[in-house]
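Structural overview for review
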Amino acid sequence: MRLGALRILPLLMAAGFIGLALALWSDAVSTGLFVAWVNEIMLFILALILLQYGFRLFFRRREPRPGSFLRARLVIAMVGMLVVPSLAIQWSASQMVERGMDVWFDMRVDTLLERALKLAQGFYDRIDLEMKRSLEAYADDPALAEAVDGGSSFGQASDHLAEILRKEGWERVQLFDINERLVADVRKDGLLDLVTAPLSEAARLSMRLGNVTTEIISENGAEKAVGYAPIHGSKGGVGLLRVELKLPQGVIQSARLVEADYQSYRSLEHNRRMIKDLFVHVMLLVTLLTVLAASLIAVLFARRLTSPIGELAVALRRVTEGDLDVVVPESSQDELGSLARSFNQMAHRLRANARDIEQAQRALTEALANSRQRQFILETLLANLHTGVVLVDEQGKIRLLNQSLKEILPQAGDWKPGLVLLQGCVGRLGFLGEFHASLRERGELQQQFELAGRHGITHILVRGTRLKLSGMAEFAGELIMIDDITELVNAQRSQAWAEVARRLAHEIKNPLTPIKLSAERLQRRFRKQVDDRDVFDSCTQAIITQVERLQRLIADFSSLARMPRPRLKRVRIADVMHEMQELFNAYANVSIAVPDPAMECLCDDDQVRQVLINLVDNALAAAGSSQVRVYVRSRDDVIEWHVEDDGPGIPDEVREHIFEEYFSTKSSGSGLGLAIARRIAEDHGGRLLLVSARKPTHFCLQLPRESMVREG
Amino acid sequence: MLGSFSTLLRWWLPWAMAFSAIGFALADEKDALRIDRDELVVYCDATWPADAAHVSETLRSGIDVTVIWHLALSRSRQYWLDEKVADIEIVRRVRPDLLSRRWILEDRSTGIMRSVNRLEEAMAFLTELRHYPLVDRSLLRSGQVYDLEVSLQSFDGKQMAGWWRRVLRGDDFSARLSFREP
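Everything in this summary refers to the structure shown in the same document. What you are looking at is a predicted structure, and each value in this text was computed from that prediction instead of being measured.

Bringing the overall build of chain A into the picture now. Along chain A, the regular secondary structure elements total 19 helices and 17 strands. Expressed as a percentage of its 712 residues, the buried residues of chain A come to 39%. Taking as baseline every contact in chain A between residues at least 6 positions apart, the subset at least 24 positions apart corresponds to 61%.

Listed below in structure tokens is the structure:
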């Protein structure tokens, strides 16, 4: 049965009870049976209880309590099992009563009783008829009329009445005058009464109306027929003759029994419907009481049965919601009690499991946090490490690499975890594949490589070691670390050259001055004495010129060796560019663009000016009459000083060496100009770049806007 | 608002329906009722519009018929319960004597018994109250309004006894009359 049908079932049952009560109301009113009213009251009470329950159920919106649905079904089933047979029994019983009544009130019984009553009535009718006939005969009796008129004595009248009594066989004969005074009185046996009883209403009516009449009087269980006849005297007097006839006791008793039986029968017949109603109502009462008792027992039984189930359902719901501390009472020892015990054991195990899971989860969370922390530290370390790191597994696949690797090796920009290292080591990166192969064989390796790039040669230091981790994180592979040591190599080389220059300057500079002075003295003193003055002049001049060249060279060496630290100050770039304009004013093919006067840079303006002059000198030397352009750009936190020329450009084979010390393509050059310029740029925290080798030949000096002076 | 309406429906509607049904079922019949006065006594005339055929047939079948007249006179009061002045119960019974073909009339209130030959007399004895002395006028207050309620219960055969008779057995006849005492 569905819940919706269950909701309206009490209302339907209540409607049924009310309908039944209303149908039986008229019966109760007409019969007045107490049991009928009891039934009515019970029906209404049941209907009201059901109505109240039904309305409460119908308007209830919240979910019913667990077990209520099962309880309702149990009650309905149990009551239904009782109601159906009860109704069948009631119907059968009422049919039996109906049939039985048809038999009881059979027509033959009716006829028999009717005839018996008529027989009894015939006896009374005959007595009445004979008495009236006799009395009518005596109504005109002259002796009685004379006695009424007072014409005869008491004795004469009594004698005449005695004669009548004897003749008619009556029990008593009395004669009254108009004033109801006793004139004469005779009776068959016994003594006369001293006090005469007053006349009855019927006697008075007979005397007044002049009719002969009779009546039956019962006395002490016996009956007597009493007759009255008016006597009219000749003198106008009126009297009353009263006679009594004692009815035979046996006949009277039989007749009265017949009458009683007849009345009982008629009463039963009259109340036939009421008897049937009584039976029906008694049966209905029994049925209602049975249903009520059964309902109460069913409710109690169902409540007792479903209460543990409801408690279990509530407990299950709480367990479903996560409350594992629920405990179901184990009240009984039956299957439900066993179920409750099993549930409690299950809840206990769930609690224990949940506790274990919680502990494990906590440990796992902690481990995960530690792992994440370690991973985070490792990732941060790798990200901030200037050394390029790549981890290769046993299959030669990259498992891990950091950003520094891609910055050191721009060719590895598209590397990612999962890539086979050998597939990535193509072109200029071929050395790394060879290194990895060697590493696999040796287990640990360190090599230095030189990579030619657009901005010159890059020195790479590659170190590798073979990893063999055991335990939970079982791993086998190689860890390769790559460092860009270009600056270190350059610094070492500069240091070496500086040392050489310092020693050379120290050893060569001292004798050059006496040589030059001696050559000049020779020229002044012995010029007039020599034969071939031209040869003398050219030789001495050559000595002086070469000594001067050596002095300049030594000066360059000295400046490289003793490069002073830049003295930084806030410099207006426009001022520097104005000075450059004035300096190269004589060159028509040099165009110098002056930037916004507000543009400033924190730098040593003398050193910057030295770099620019060097670059412009180189451009003029290479470009000849071609155009040379100098301009400044500001980008983010960098000031860029650009020098371009439209000359023939720098050959490819020279390009890689132009920033090296003592490399020069000019016969008179020291090969230190660009090296010093680059040294100045690096001392400022910037760099000097060859942007383009030809068309145009383009150098760019990048200096930080704010101070980034490199520590000595 | 909806909740109180729901509560009204759930708790009071069934009882209201029940009491309405009972009240409807117990509604009084209206019939002619008349009073008469002389200097000392207020008399009452009432007639039960009985099913004459049913009563006569019952009597002819030899079954006793008993009627119980109940006369209640009360003084009407506006702000208090009515004051009962008179409460009279008259029990009359007609017992057929099938053998002598007479009807024995019994007034159980007074103990008077007589017999008549005519059924009409017996019927009138049962169905009519003629000039029945109701109350001594000395008990009534002049100018006051009085309510007379007359009801009748009839029984074929055995008469229902006990206090619950009037509760369980509805009246076969009832009438009400108000009058002002001069």
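Further notes follow.
Let us now look at the overall build of chain B. In terms of helices and strands, chain B carries four helices and nine strands. Ordered by position from the N terminus, the helices and strands of chain B form the series α-β-β-α-β-β-β-β-α-β-β-α-β. Across the 182 residues in chain B, those meeting the buried criterion constitute 45%. Look at the contacts in chain B between residues 6 or more apart in sequence, and 63% of them connect residues 24 or more apart. Here chain B displays about 10300 Å² of accessible surface, and carbon together with sulfur accounts for 56% of that area.

Glancing now at the pattern of salt bridges. Two side chains of opposite charge can pair, provided their charged atoms sit close to one another. By the definition in use, this model includes 44 salt bridges over all chains. Residue A:Glu579 is joined to A:Arg609 by a salt bridge in which the shortest nitrogen-to-oxygen separation is 2.6 Å. With A:Glu579 in helix 16 (residues 573–583) and A:Arg609 in helix 17 (residues 605–623), this residue pair connects regions lying 30 residues apart in the sequence. The exposure class assigned to A:Glu579 is partly exposed, which follows from its relative accessible area of 36%. The partner of B:Asp64 in a salt bridge is B:Arg93, with the nearest N and O atoms 2.2 Å apart. You can see B:Asp64 sitting in the loop between helix 2 (52–60) and strand 3 (65–75) and its partner B:Arg93 sitting in strand 4 (residues 83–97), a full 29 residues away along the chain.

Turning next to the packing of helix 9 (residues 272–320) of chain A against helix 10 (residues 335–384) of chain A. Residues and elements named next belong to chain A. Between helix 9 and helix 10, the shortest axis-to-axis distance is 10 Å and the interhelical angle comes to 10°. Between helix 9 and helix 10, the interaxial angle falls into the category roughly parallel. Of the two possible hands of crossing, helix 9 and helix 10 adopt the one that is left-handed. Residues Leu-305, Pro-308, Ile-309, Leu-312, Ala-315, Leu-316 and Val-319 of helix 9 form the contact with helix 10, whose participating residues are Leu-336, Leu-339, Ala-340, Phe-343 and Leu-350. Split by residue class, the contact of helix 9 with helix 10 holds 12 nonpolar, no polar and no charged.

Secondary-structure assignment places A:Thr213 in strand 3 (residues 213–219). In contact with A:Thr213, not counting residues within four places along its chain, are A:Lys132, A:Leu135, A:Ala202, A:Ser206, A:Val226, A:Gly227 and A:Tyr228.

Quick look at the sheet that holds strand 9 (residues 173–180) of chain B now. All names here are of chain B. Reading across the sheet, the six strands line up as 6-5-4-3-8-9 and stay open at both edges, with antiparallel pairing between neighbours. Each edge of the open sheet carries a strand with a single partner, namely strand 6 (112–116) and strand 9. On average, adjacent strands in this sheet sit at an angle of 15° to one another, irrespective of strand direction. As paired elements, strand 5 (residues 102–107) and strand 6 share five bridges and run antiparallel to each other. Along strand 6, the bridge assignment pairs Asp-107 with Ile-112. Running at roughly 135° to strand 3, helix 2 makes contact with strand 3, strand 4, strand 5 and strand 8 (145–156) of the sheet.

On the surface, A:Ile8, A:Leu12 and A:Phe58 cluster together to form a nonpolar patch covering roughly 260 Å² of accessible area. Here A:Leu12 is to be found in helix 1 (residues 3–31).

Right, let's talk about the nonpolar core for a bit. Among the nonpolar cores identified, the biggest contains 42 residues, and A:Ile573, A:Trp641, A:Ile658, A:Leu688, A:Phe699 and A:Leu701 are the most heavily contacted of them. Not counting the four nearest positions on each side in its chain, A:Leu701 is found in contact with A:Val608, A:Val611, A:Ile639, A:Glu640, A:Trp641, A:Ala681, A:Arg687 and A:Leu688. Listed in part, the 39 residues of the second largest apolar core include A:Ile127, A:Ala145, A:Leu161 and B:Leu99.

Residues and elements named next belong to chain B. Inspection of the secondary structure puts Pro-133 in strand 7 (residues 128–136). Separated by 96 residues in sequence, Pro-133 and Arg-37 have C-alpha atoms that sit 9.2 Å apart. Not counting chain neighbours up to four residues away, the residues in contact with Pro-133 comprise Val-41, Val-42 and Tyr-43.

This part covers the side chain of A:His642. Residues and elements named next belong to chain A. Mapped onto the secondary structure, His-642 falls in strand 15 (residues 638–645). One polar contact links His-642 to Glu-640, side chain to side chain, over a distance of 3.1 Å. Look past the residues within four positions of His-642 in its chain and what remains in contact with it is Arg-629, Val-630, Tyr-631, Arg-633, His-698, Phe-699 and Cys-700.

Here the focus is the sheet that holds strand 7 of chain B. Residues and elements named next belong to chain B. The antiparallel open sheet is built from three strands, whose spatial order is 1-2-7. Looking along the sheet, the strands with just one partner apiece sit at the ends: strand 1 (33–37) and strand 7. Averaged over all pairs of adjacent strands, the angle between their axes in this sheet comes to 25°, without regard to strand direction. Bridge analysis of strand 2 (residues 41–47) against strand 7 gives six bridges, and the strand direction is antiparallel.

Cut-off values and rules
Each chain carries its own residue numbering, running from 1 in the written order of its sequence. Each chain is given a letter, starting from A, and each ligand a number, starting from 1, according to the order in which they appear as written. Local features in this predicted model are restricted to residues of pLDDT 70 or higher, and side-chain atom pairs are both shown and tallied only at a pLDDT of 80 or more, whereas totals for entire chains, interfaces and linings draw on every residue. Excluded from the side-chain calculation are hydrogens and water; included are all heavy atoms of the structure. Runs of H or I in DSSP of at least four residues are treated as helices and runs of E of at least two as strands, each being numbered from the N terminus. Residue exposure (1.4 Å probe, protein chains only): buried if accessible area is under 20% of the type maximum, exposed if over 50%, otherwise partly exposed. Contacts are residue-level and defined by heavy atoms, with any inter-residue pair within 4.5 Å sufficient. Where accessible areas are quoted, they stem from the Shrake-Rupley method and a 1.4 Å probe; at the residue level, only the protein chains shown are allowed to cover. Whenever Lys or Arg places a side-chain nitrogen within 4 Å of a carboxyl oxygen from Asp or Glu, that contact is recorded as a salt bridge. With axes taken as lines fitted to C-alpha atoms, and helix axes fitted only over the stretch in contact, angles between N-to-C directions fall between 0 and 180 degrees. For classification purposes, angles smaller than 35 degrees are called roughly parallel, those larger than 145 roughly antiparallel, those between 65 and 115 roughly perpendicular, and all remaining angles oblique. Should the near helix be turned anticlockwise from the far one by less than a right angle, the crossing is termed left-handed; should it be turned clockwise, right-handed. Three residue categories are used. Nonpolar comprises Ala, Val, Leu, Ile, Met, Phe, Trp, Tyr, Cys and Pro, charged comprises Asp, Glu, Lys and Arg, and polar comprises the others, including Gly. Strand pairing is assigned whenever DSSP identifies at least 2 bridges connecting the two strands. Like-charged residues within 9 Å of one another, or nonpolar side chains (Val, Leu, Ile, Met, Phe, Trp, Tyr) within 5 Å, are grouped into patches, provided each residue has over 30% relative accessible area and no salt bridge. The criterion is simple. A nonpolar core is a set of buried Ala, Val, Leu, Ile, Met, Phe, Trp, Tyr and Cys residues joined through side-chain atoms within 4.5 Å. Counted as a polar contact is a pair of N or O atoms within 3.5 Å, where, for protein atoms, one must be capable of donating a hydrogen and the other of accepting one, and residues adjacent in sequence contribute only when both atoms are in side chains.

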